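Analysis of the macromolecular model
Residues per chain, in single letters:
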Amino acid sequence: MSMWGVWLAMAAAQALSPAQYPSPVELAVSPDGARLYIVCQGTDELVVADTRANSVARRLKVGRVPKGIALGPGAARVYVSNSWDDTVSEIDAASLAVLRTLHTGFEPTGVITDRAGAFLYTANRISNDISVIDLASGKEVKRLAAGRGASYLTLSPEGRRVYCTHIYPNPGRYRTPPQSEITEIDTATQRVIERQRVVNAAGMFHAAFSADGRLGLIAQIRPKNLIPLAHVAHGWVFGNSLAVFGQGIDGVVQVPIDELERYFAMPFGVAVDSARRLAYVSSSGSDVVTVLDLNRLLAAIGTTEHRALANDLSAAARYVAARIPVGRNPKALALSPDGTRLYVANRLDDNISVIDTSSRTVTATIGLGGPRELTPERRGERLFFTAKYGFQGHFGCASCHIEATIDGLEWDLEPDGFGIDIVDNRSLEQVGETAPFKWNGGNPDLETECGPRTEKFFYRSQSYSPEELADLVRYIKSIPLRPNRYRLPNGELTPAQERGKAIFERTRKKDGTPIAEPLQCPVCHSGKYYTNRQLTDVGSGKPTDRSPLIDVPHLTNVSLTAPYLHDGSAQTLEEIWTVFNPRDTHGVTNDLAKDGLNDLIEYLKTL
Amino acid sequence: MGPKTLCLWWMMLPGMLWDSFPPFVYTEADHYQQCGERFPSHASLVLVENGQRRAVAPELFASADADISFDGKRILFAGKLRKGGPWQIWEIPVAGGKARAVTNFPEDAVTPHYLPDEKVVYARRTPSGFALEVLPLAGGAPDRLTYAPGDFLVSDVLADGRLLFEGPHPAGGRDLYTVYSDGTFPEAYRCDHGRDRHAGRQVASGDIVFQEGDRLARFTSALAQEVALRLPAARFAGPVAEFAPGQWLVAASAGSGSPLSLCRLDVAMQCLERLPGPNAGFRLQPVVVAARKPPLRHPSALMPQRGAGNLLCLNTYVSKRVFPEGSIGAARFYTLGEAGAERLLGETRVERDGSFYVQVPPDQPIRLEVLDRSGRTLEAEHGWFWMRKGEQRVCVGCHAGPERAPENAVPEVLLRSTKPVKLTGGK
């Protein structure tokens, strides 16, 4: 047996801990097509598959929760972003040894190098910026401001531009159409040269270019959060679509991939063939890869008014060439260099579908190991990320709770009436112990919140069995808490955080006047999760709210969950006090100057 | 040689080929007409299994309109106990036995279908025509679903839980519509409006196959218009029964004067083969006897305590009719009085963005007109719709078509007020 064979056997024998599922999310193919690199965020691994044997060849531990991959020039180096470590692992492709660990902004997701391999870029999801790392020194030399939720990076084919897409919309004026951003960076100067605003796009995911660089495609969702969610049919809640831009196209055109009665939810991965003939899009909530005929797509764009096209559920018939069923929760796509195979990372099946692009069928599956038994949490995770329970497969939990977080939007849910009780989408981190639920505290437990309420007023269709609901709740309660980046490693607080803590806990105003107990922050924001789980009137109610009583929200990672207040009317933490607390009903803050509020925010960031 | 020339059109199917068929039930009638009393003389359901035929409910004078329970063990049908009596809804085990009356109305009740949760939907005759009702199989008070004038007959229960039904089209003939099982959100399945669509049934692909005139056509999810089916020349009568993908049982005849026979239709091969049977009489309404996946249950969000129905139109300008920007000033609503005369419910202002928000009386016919800024009618909808008690409905536009998804914008009318304009006719 060769050394390679010995290593294979050892890799196969390597036992994974019981609840560790590989959960592949990102892919890259070596230039010779022999290797498929697979980023497994569940097991913190880079897995290398032999594409001739369609089997796993090697596994390599990287940092925590890896979420991005890039191949350096000539594919001699592999870069994997470790989102929970705020690092990138630089790996020697030949030996698969980690050469360096590069430091980035918070939660690096997408990663790319320029053509020369001089600079490496990471999209940092929660610091909303892009790290530029000089690969010679291994140091971050620039931090470019991006949009909110910067996540995916794509290098234009000629190498002159890096495009960054964002999973959240940028903060905007209350109850106005969300806008996501495409941040364009000049690789020669490492400077942002353009910020394209994409109106009514909230989550934008992978991008891909045609080989000639003349056409760009981005998987995206168009939420319908400003209209009452009174039903689901006719694309009422989301438009699962593509953003199309490039030569001959005026701006960014949004084109649906849905049909009238079938939806292809949560589009994520995109690939374009080298001949610019076909594009592929994964719908991670519908377990499908859609094949698009690009000539027909461009003809549709050229002959249809763009706003009408974006909302036309019959448009996809003009350019969709095929729908290919794949595994659960398909994420990234990667084409082999010769274009004959398309690889699909099925995150919740722990495998890779290999699609023959000529027959448009799955011809092989590469298993990535992992426990054979599904835990209740894993079953629940599958339920959370599928769209099959929404009416006609329109959307699922993860359409709003993107990657089990938020969507940065406020919604007009129907049970209360139209235009009434607008609600902010709340974070799910540590939400399990914060009953009751809903902003009006109307649901006593997650079973009610996710069961009958979701079925009747969200999905508008028969949804979970009691067993499934139990699994779903188990998953929601197990959603991992991402590391807080603002706490010092030794557990101490910075001086600003200390000052903010003192403000948070104070019982007297700056002039020494006592603060009434109900207006002291820790009275409502108390306990482990900083909520007393009570209904309180903090004066943030609007004329369109039925009741001024608001369920006190928990504050876990609160700095990441904008917008704020029950209806999402405060774009920032500061606005809570400077705009929406004129009479000191939401704590006493009007005696604080800007620096005091800054300190308070610095402390809240640590919660 | 193309596949069509291989077809054994109008050849008798050899008896040995029965083995390739699952059991099925069909209606055998002396006479059949598409409108009015469909079976003016005798009709009876026949179960065919392995080429053997058996009357399903011989104790009844007439039986038709079969549907099979989701476990494949029971047959729901319309039956007349005796000549001259009303059609009622009956149920009988597939294995045989005594038929059980599900309804006992003085009026006709026809076209029954099983619903999830042991309920049934059927059409019951009212003074204004047949209306759809839902009833628990165990009995109880029926819930009427449709409130517009004309005959509404159940065609199928779709996999997504909506009811597919046929009803009058304002321009004449019939068309296919859907409604949820609580009577909310009635709408045309498509807005291309064919000649005379009826007898629709959903096949495994999700497509709806229906009869239009003497032909079959289909709706498919990707398209806003019907798709013609390329089939051998014949007169077809729906519904079809799919016994394998692309393999249908269907009633057909060689010409308009000939009685209908049951045929096997291979859709891809465009091959139609007549099944053995007597040459006289009509054989139609096939349905396969097999267990099947129940349609999804519709979780009703009706809040009857709210009383009336609230209707929000996002943008009246989104319409198949082109209205110049700023041309629409108001929307006027009518209902039908007890004597069948139109009665004005009132008018509401239409905002600059085309939105309006009204409250209308529940469970009665509603019709609307769009008016210009001087109060003249720009467009009058000729069809009637209805809203249920406590229904909250939102429309993209005015006759926009099901392919139009809404634009994401707060409707101006909701910025003005979140209270609907009451157009309840003084009630």
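Residues numbered from 1 in each chain as written. Chains lettered and ligands numbered in written order. Predicted model: local features only at pLDDT ≥ 70, side-chain atom pairs only at ≥ 80, totals over all residues.

Assigned secondary structure in chain B consists of two helices and 32 strands. What you see for chain B is a C-alpha radius of gyration of 23 Å, in line with the 22 Å of a compact globule of 427 residues. Overall, chain B is about 70 × 55 × 35 Å in size when its C-alpha atoms are taken along their principal axes. Sequence separation of 24 or more characterises 50% of the internal contacts of chain B that already satisfy a separation of 6 or more. (Helix = DSSP H or I, 4+ residues; strand = E, 2+ residues; numbered from the N terminus. Rg over C-alpha atoms; globule rule 2.2 N^0.38 Å. Contact = placed C-beta atoms within 7 Å.)

Let us look at the overall build of chain A. From N to C terminus, chain A includes 12 helices and 32 strands. For chain A, whose C-alpha radius of gyration is 24 Å, the value lies close to the compact-globule estimate of 25 Å for 607 residues. With the principal axes as the frame, chain A shows a C-alpha extent of 75 × 55 × 50 Å. Looking at chain A as a whole, 54% of its 607 residues qualify as buried. Sequence separation of at least 24 residues holds for 53% of the intrachain contacts in chain A that already meet a minimum separation of 6. (Buried ≥ 20, exposed ≤ 12 C-beta atoms within 10 Å, placed from the backbone.)

Moving on: the domain arrangement of chain B. Residues and elements named next belong to chain B. Here the domain parsing of chain B yields domain 1 (3-288) and domain 2 (304-422). For domain 1 and domain 2, the distance between their C-alpha centroids amounts to 34 Å. The interface is formed by 13 residues belonging to domain 1 together with 17 residues belonging to domain 2. In terms of residue class, the side of domain 1 that touches domain 2 is built from eight nonpolar, two polar and three charged. (Domains from an automatic or database assignment. Nonpolar A, V, L, I, M, F, W, Y, C, P; charged D, E, K, R; others polar.)

So, about the sheet that holds strand β27 (residues 351-356) of chain A. All names here are of chain A. Strand order in the open sheet made by the four strands is β25-β26-β27-β28, with antiparallel pairing throughout. The two strands at the open ends of the sheet, each matched to only one other strand, are β25 (330-335) and β28 (361-367). Looking at each pair of strands side by side, their axes are set apart by 25° on average, direction ignored. Inspection of the sheet shows β25 paired to strand β26 (residues 341-346) by four bridges, in the antiparallel sense. Residue pairing in the sheet places P330 in a bridge with N346 of β26. (Pairing = 2+ DSSP bridges. Axes fitted to C-alpha atoms, helices over the stretch in contact; angles between N-to-C directions.)

Another point: the domain arrangement of chain A. Think of interface size as the accessible area that goes away when the parts come together; that is how it is often given. Parsing chain A into structural domains produces domain 1 (35-369), domain 2 (377-478) and domain 3 (495-604). Using only C-alpha atoms to locate each centre, domain 1 of chain A and domain 3 of chain A end up separated by 38 Å.

All names here are of chain A. Between its first and last C-alpha, helix α8 (residues 466-478) extends 18 Å over 13 residues, near the 18 Å set by a 1.5 Å rise per residue. Those residues of α8 not exposed but buried are L469, D471, L472, V473, Y475 and I476. If you follow the buried residues of α8, they end up packed against α4 (376-385) and α6 (446-450). (Expected span 1.5 Å × (residues − 1).)

Time to look at the packing of α4(A) against α8(A). Residues and elements named next belong to chain A. Running from N to C, α4 and α8 point in directions that differ by 95°, and their axes come no closer than 7 Å. Relative to α8, α4 is oriented roughly perpendicular. On the side of α4, the interface is formed by P376, E377, R379, G380, E381, L383 and F384, while α8 contributes E468, A470, D471, L472, V473, R474, Y475 and S478. In terms of residue class, the contact of α4 with α8 is made up of seven nonpolar, two polar and six charged. (Parallel < 35°, antiparallel > 145°, perpendicular 65-115°, else oblique.)

For the rest of this paragraph, the subject is the interface of chain A and chain B. Contact with chain A, which involves 41 residues of that partner, is made by 33 residues of chain B. Secondary structure elements with two or more residues in the side of chain A that touches chain B: β18 (215-223) and α7 (452-459) of chain A. In terms of residue count, α7(A) provides more of the side of chain A that touches chain B than any other element does, three residues in total. Taken together, the residues that form the side of chain A that touches chain B break down as 15 nonpolar, 14 polar and 12 charged.

All names here are of chain A. One open sheet accounts for four strands, arranged β21-β22-β23-β24; its pairing is antiparallel. Both outer strands of the open sheet, β21 (267-272) and β24 (320-325), are each paired with one neighbouring strand and no more. For this sheet, the mean inter-axis angle between neighbouring strands, taken without regard to orientation, is 20°. Across five bridges, the pairing between strand β23 (residues 288-293) and β24 is antiparallel. Bridging across to β24, V288 finds its partner in P325. Relative to β23, helix α2 (residues 294-303) is tilted by about 70°, and along the sheet it contacts β22 (278-283) and β23.

Quick look at the packing of helix α9 (residues 495-505) of chain A against helix α12 (residues 594-604) of chain A now. All names here are of chain A. The geometry of α9 relative to α12 is characterised by a closest axis approach of 7 Å and an angle of 95° between their N-to-C directions. Our classification of the angle between α9 and α12 gives roughly perpendicular. Taking contact as the criterion, the partners of A496, Q497, R499, G500, K501, I503 and F504 in α9 are, on α12, G596, D599, L600, I601, E602, Y603 and L604. Among the residues making up the contact of α9 with α12, the classes are represented as seven nonpolar, three polar and four charged.

With that out of the way, let us pick up the pairing of strand β3 (residues 52-55) of chain B. All names here are of chain B. Summarising the sheet, strand β2 (residues 43-49) and β3 pair through four bridges and their orientation is antiparallel. Looking at the pairing, V48 lines up with R53 of β3. Hairpin connection from β2 to β3: two residues lie between these consecutive antiparallel strands, with N50 at a positive phi of about 55°.

Attention now moves to the nonpolar core. Ranked by size, the top nonpolar core spans 137 residues in total, and within it A:I38 and A:V270 carry the most contacts. Aside from chain neighbours lying at most four places away, what touches A:V270 is A:H206, A:A207, A:A208, A:L217, A:I218, A:A219, A:A279, A:Y280, A:V281 and A:L333. Residues B:V48, B:V121, B:L145 and B:F219 belong to the second largest nonpolar core, which totals 82 residues. (Core = buried A, V, L, I, M, F, W, Y, C linked by C-beta atoms within 7 Å.)

Going from A:A562 to A:P563, the amide bond is cis rather than trans, its omega being 0°. You can see A:P563 is positioned in the loop between β32 (550-551) and α11 (573-578). Look at the link from B:G238 to B:P239: it is a cis peptide, with omega at 5°. Its place among the elements puts B:P239 in strand β20 (residues 235-244).

Considering every residue of chain A, the mean pLDDT works out to 95; 97% of them sit at 70 or more. With pLDDT under 50 throughout, residues 1-18 of chain A is counted as low confidence; its partners more than four residues away or in other chains account for 12 contacts. (pLDDT = per-residue confidence, 0-100.)

This part covers the pairing of strand β4 (residues 62-68) of chain B. All names here are of chain B. Of all seven residues in β4, seven are buried; the element is thus mostly enclosed. Summarising the sheet, β4 and strand β5 (residues 74-80) pair through five bridges and their orientation is antiparallel. Note on β5: the bridge partner recorded for A62 is K80. The turn linking β4 back onto β5 is made up of five residues, and G72 within it adopts a positive phi angle of 75°.

Another aspect to go through is α12(A). Along α12(A), the residues classified as buried are A:D599, A:L600, A:I601, A:E602, A:Y603 and A:L604. Residues of α12(A) that are buried sit in contact with α9 and α11 of chain A.

Mapping B:A409 onto the fold places it in the loop between β31 (392-395) and α2 (412-416). Under the C-beta neighbour-count criterion, B:A409 is labelled partly exposed, with 17 such atoms within 10 Å. Taking the C-alpha atoms as reference points, B:A409 and B:L314, separated by 95 residues in sequence, lie 8.7 Å from one another. If we ignore the near neighbours within four places in the chain, the residues touching B:A409 are A:P177 and A:L226.

To continue, consider the environment of A:S358. Residue and element names in this part refer to chain A. When you line up the elements, S358 lands in the loop between β27 and β28. A count of 9 C-beta atoms within 10 Å places S358 in the exposed class. When the C-alpha atoms of S358 and S83 are compared, they prove to be 36 Å apart, with 275 residues separating the residues in sequence.

Further remarks concern the confidence of the model for chain B. Residue and element names in this part refer to chain B. Per-residue pLDDT for chain B averages 92, and the proportion of residues at 70 or more is 95%. pLDDT under 50 marks residues 1-12. Its contacts with residues more than four places away, or in other chains, come to 19 contacts. Taken over the whole predicted complex, pTM reads 0.94, whereas the ipTM for its chain interfaces reads 0.94.

Moving on: the environment of A:R382. All names here are of chain A. Relative to the assigned elements, R382 resides in helix α4. Judged by C-beta crowding, with 19 C-beta atoms within 10 Å, R382 ranks as partly exposed. Placed 143 residues apart in sequence, R382 and H525 show a C-alpha to C-alpha distance of 33 Å. Ignoring any residue separated from it by four or fewer positions in sequence, one finds R382 in contact with R328 and L348.

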